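# Architecture at a glance
Chain by chain, the residues:
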Amino acid sequence: MEAPPREIIVTDLSNREFLERHAKAGCIGLAGGATVIDLAIRRAERHIDDGAQWSLWSHAFFFQGVRADGHHWVVESDLDIHRKHIRLGVQENRSEKYFDEKLYRNLAVLDFGLAEAQVATLQREALELVASRERYSIREIFGVLRGLRHEELRAQENPMARERSLFCSAFVRRLFLQAGLDLAPGLADKHTTPEDIVRTPVPHTRYILQRNVAQGKMASLRAKVRQKVKAPMEKLRARRARK
């Protein structure tokens, strides 16, 4: 019988302090973002929870380790948009990206206590996916959202799947499969959400930095998300009905 995860809740550290204390090479990172897209993902993941509670998590990434520059780097599949530069797919970033407490109210580090050889495998495979320029597929997210509403579909291939494309949690799932660890048994890799990863049955220690949002503010955020998500979803349904 697999041991339950050891969970440690932290509430009194900054994002920077939390990551500098608990993140290390071979760990998984989870973040709960505050943008409309992040909130929409967290809301959709409520279907995984028996009590229909919103997930804390909207993004997953891999801690690569500290480099010669003294910074801890992560590998992730993300949408990175600057003024004249857009990166959509698997990429490397400094962990300082997650120091902003207004953008990332909740953070987690999952430590599986991996051997050096396993960590090396993960690092090698992560860099291979960076070099091969695996893309971030937004349309695959729509397949995930449909699967969340219909549990029986989650073991099947994502109908929106594309070759050489991985969204954040699918990237982390595939990476760990290369080290012989299946984070979400029974699910197709491209139906894996950040909430599925935090619920992994693989033994680990889970460090969670959690900042609760006041109920009034959360209600306002929920209303905002519903308004933002409703229009594009209605357009998608209309498009499917015409086919």
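Just above sits the structure.
Everything numeric here is computed off the predicted structure, so don't read it as measured data. Every residue gets a number counted from 1 within its own chain, in the order that chain's sequence is written. Two thresholds apply to this predicted model, a pLDDT of at least 70 for residue-level local features and 80 or more for giving and counting side-chain atom pairs, whereas whole-chain, interface and lining totals are computed over all residues. With hydrogens and water stripped out, all remaining heavy atoms of the structure feed into the side-chain values.

### Focus on helix α5 (residues 168–177)
For α5, the buried fraction is high: eight of the ten residues fall into the buried class. All of the buried residues in α5 are Cys168, Ser169, Ala170, Phe171, Val172, Arg173, Leu175 and Phe176. Exposure is judged per residue with a 1.4 Å probe applied to protein chains only, and the accessible area is read against the type maximum: over 50% gives exposed, under 20% gives buried, and values in between give partly exposed. Going along the chain from the N terminus, every DSSP run of H or I of four or more residues is numbered as a helix, and every run of E of two or more is numbered as a strand.

### As for the packing of aromatic side chains
We call Phe, Tyr and Trp rings a pair once their centres come within 6.5 Å, taking the six-membered ring for Trp, and we label the pair stacked below 30 degrees between planes, edge-to-face above 60, and tilted otherwise. Following the criterion strictly, the structure yields five aromatic pairs and no others. Ring centres 5.3 Å apart and planes at 70 degrees place the aromatic pair Phe61 and Phe63 in the edge-to-face group. Accessibility classification places Phe61 together with Phe63 in one group, the buried group. Seen in terms of ring centroids, Phe112 and Phe176 are 5.5 Å apart; in terms of plane orientation they differ by 50 degrees. Their pairing is tilted. Taken together, the positions of Phe112 in the loop between β6 (104–111) and α3 (116–131) and Phe176 in helix α5 put the pair 64 residues apart, joining distant regions of the chain. By the burial criterion, Phe112 is buried, and Phe176 matches it. The structure contains a cluster of three or more aromatic residues connected by ring pairs, namely Phe61, Phe63, Tyr98 and Tyr104. Against the face of Trp73 rests Arg67, its NZ or CZ located 4.3 Å from the ring centre. Whether a charge sits over a ring depends on NZ of Lys or CZ of Arg being within 6 Å of the ring centre and within 35 degrees of the ring normal.

### Quick word on the environment of Leu153
Mapped onto the elements, Leu153 comes out in the loop between α4 (138–149) and α5. Distance in space between the C-alpha atoms of Leu153 and His191 is 8.8 Å, their sequence separation being 38 residues. When checking whether two residues touch, look at their non-hydrogen atoms; a contact exists if any pair is within 4.5 Å. Here Leu153 is in contact with Arg146, Gly147 and His191, once residues within four sequence places are set aside.

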